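Results of the structural survey
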Protein chains: 2
Amino acid sequence: MEKEISQAVIRRLPRYYRYLGELLEEGVERISSSDLSSRMKVTASQIRQDLNNFGGFGQQGYGYNVQFLYDEIGRILGLNETHRIIVMGAGNLGQAITNYMKFEKFGFVITALFDVNPKLKGKKIRDVPIYMIDELDEYCKNNKVDIAALTLPKEKAETTAKHLVRLGVHAIWNFAHVDLDLKDSRVVIESVHLSDSLMQLSYNIVKNS
Amino acid sequence: MEKEISQAVIRRLPRYYRYLGELLEEGVERISSSDLSSRMKVTASQIRQDLNNFGGFGQQGYGYNVQFLYDEIGRILGLNETHRIIVMGAGNLGQAITNYMKFEKFGFVITALFDVNPKLKGKKIRDVPIYMIDELDEYCKNNKVDIAALTLPKEKAETTAKHLVRLGVHAIWNFAHVDLDLKDSRVVIESVHLSDSLMQLSYNIVKNS
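This write-up is about the structure you can find in this document.

Rules of the game
Residues numbered from 1 in each chain as written. Chains lettered and ligands numbered in written order. Predicted model: local features only at pLDDT ≥ 70, side-chain atom pairs only at ≥ 80, totals over all residues. Heavy atoms only, no water. Helix = DSSP H or I, 4+ residues; strand = E, 2+ residues; numbered from the N terminus. Expected span 1.5 Å × (residues − 1). Bend = angle between axes of the 7 residues up to and from the residue. Contact = heavy atoms within 4.5 Å. Axes fitted to C-alpha atoms, helices over the stretch in contact; angles between N-to-C directions. Left-handed = near helix turned anticlockwise from the far one by under 90°. Nonpolar A, V, L, I, M, F, W, Y, C, P; charged D, E, K, R; others polar. Buried < 20%, exposed > 50% of the residue type's maximum accessible area, 1.4 Å probe, protein only. Arc of directions from axis to C-beta. Salt bridge = Lys/Arg side-chain N within 4 Å of Asp/Glu carboxyl O.

**Quick notes on helix α1 (residues 7–25) of chain B**
Across its 19 residues, α1 of chain B extends 28 Å between first and last C-alpha, which sits within 8% of the 27 Å expected from 1.5 Å per residue. Along its length, α1 of chain B shows its largest kink, about 35°, at L13 of chain B, and proline P14 of chain B lies within four residues downstream of that point. Those residues of α1 of chain B that are buried are in contact with α8 (154–166) and α9 (194–208) of chain A together with β1 (30–31), α2 (33–40), α3 (44–51) and α4 (66–76) of chain B.

**Thoughts on the packing of helix α1 (residues 7–25) of chain A against helix α4 (residues 66–76) of chain A**
Residues and elements named next belong to chain A. In contact at an axis separation of 9 Å, α1 and α4 are set at 145° when each is read in the N-to-C sense. Crossing of α1 against α4: the hand is left-handed. Taken together, the residues of α4 that come into contact with α1 (itself represented by L13, Y16, Y17, L20, G21, L23 and L24) are V66, Q67, L69, Y70, I73, G74 and I76. Of the residues contributing to the contact of α1 with α4, the split by class is 11 nonpolar, 3 polar and no charged.

**Considerations on helix α3 (residues 44–51) of chain A**
All names here are of chain A. Residues of α3 that are buried: A44, I47, D50 and L51. In a view along the axis of α3, the buried residues occupy a sector of 125°, so they form one face of it. Looking at the packing, one finds that the buried side of α3 touches α1, α2 (33–40), β2 (64–65) and α4.

**Some words on unusual backbone geometry**
All names here are of chain A. Although it is not a glycine, R126 adopts a positive phi angle of roughly 50°. Here R126 is to be found in the loop between β5 (124–125) and β6 (128–132). Overall, R126 belongs to the partly exposed group, its relative accessible area being 30%. Even without glycine at this site, K183 takes up a positive phi of about 45°. Inspection of the secondary structure puts K183 in the loop between β8 (171–174) and β9 (188–191).

**Looking at the pattern of salt bridges**
Counted according to the given criterion, the structure contains 32 salt bridges over all chains. For K121 of chain A, the salt bridge identified is with E135 of chain A, shortest N-O distance 3.9 Å. Here the residue K121 of chain A occupies a position in the loop between β4 (108–115) and β5, and E135 of chain A occupies one in the loop between β6 and α7 (136–142), the gap between them amounting to 14 residues. For E135 of chain A, a relative accessible area of 27% translates into the label partly exposed. Within this structure, R15 and R18 of chain A together with D179 and D196 of chain B form a network of salt bridges that share partners.

Written out as structure tokens, the structure is:
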């Protein structure tokens, strides 16, 4: 079970996880690779290849056990553990992430926001308190932080990320419009570049018109 | 110039565009593929291959003209045109997108938000008015809409997207946790799946620990 799975497969796993979750919600217990194929719009052979990485794949004509695969992929993705997240920046985006309840379902719990705006001091988003940035060191000393989400201007992102790493945070979910270069192999970074995504869309609009 | 460029290259263009923009801000006029390579952490040969798609590439030892490449890639990405965006859903995420000034710099102008919450009626985010969803048809009749950003629960996303397509909107920027299936080849969809991104991060945390 613990053999190396290729990064290409890994990148497809959240999508499998999402579709398997929808099947569970619909009460589907087993699904053939061809049914899953038409739902997900990938070839059945791709699905068979990908899911063969996880054992427990159905016999010919019998299909996959949806719950088993869902749990197994969830485990591979680390969703059986709780991940504590702090959000750097309590502006609209930071608040949007904090308000997005679905993350908790997957084990991601937001425990605090940090901002420089004194007007936000002591406020809460849902039940999550907003602290001032000068309380960050103390907070990280007293609380386990697994992930820091950066919803900051790009000018501040790298300095803040480096400071967080010094405080022991080794995973960064970066929304700033910059690639972080932390020169530290222990740090895991995942970036969401909204502008890049919008540019892809724009390219396809121009191409289609 | 108008030969077909592969999707793999296209997906890398926004990142080139971002780095070239940073170089321009720093006043850099020319850059060699090896300097760009060490900045972007991709191989120089990859950069040469990618940028050869756009002509105007420098001679050996002379480097790329930063402004030329920046403009050319911007043109390929359709950033020389204005794209009018409406945002469906005026919650935190919709407001965050509307407040993000940088999109305008790239030609993406948000013209309206739509929501079902009557408390939001008549309010503005920056200068952008929030309308009620029952004003959508009229709005689309009287205003050009190039892109609709969906910041809605997944249950409402597909119905809303289909309605928008009937109203003549052919590009969807989807933030809902679902793959939209509109069965209409004219429609261009780009999804930002935040949960998928968080799961990638979680996988890499578990792998690294």
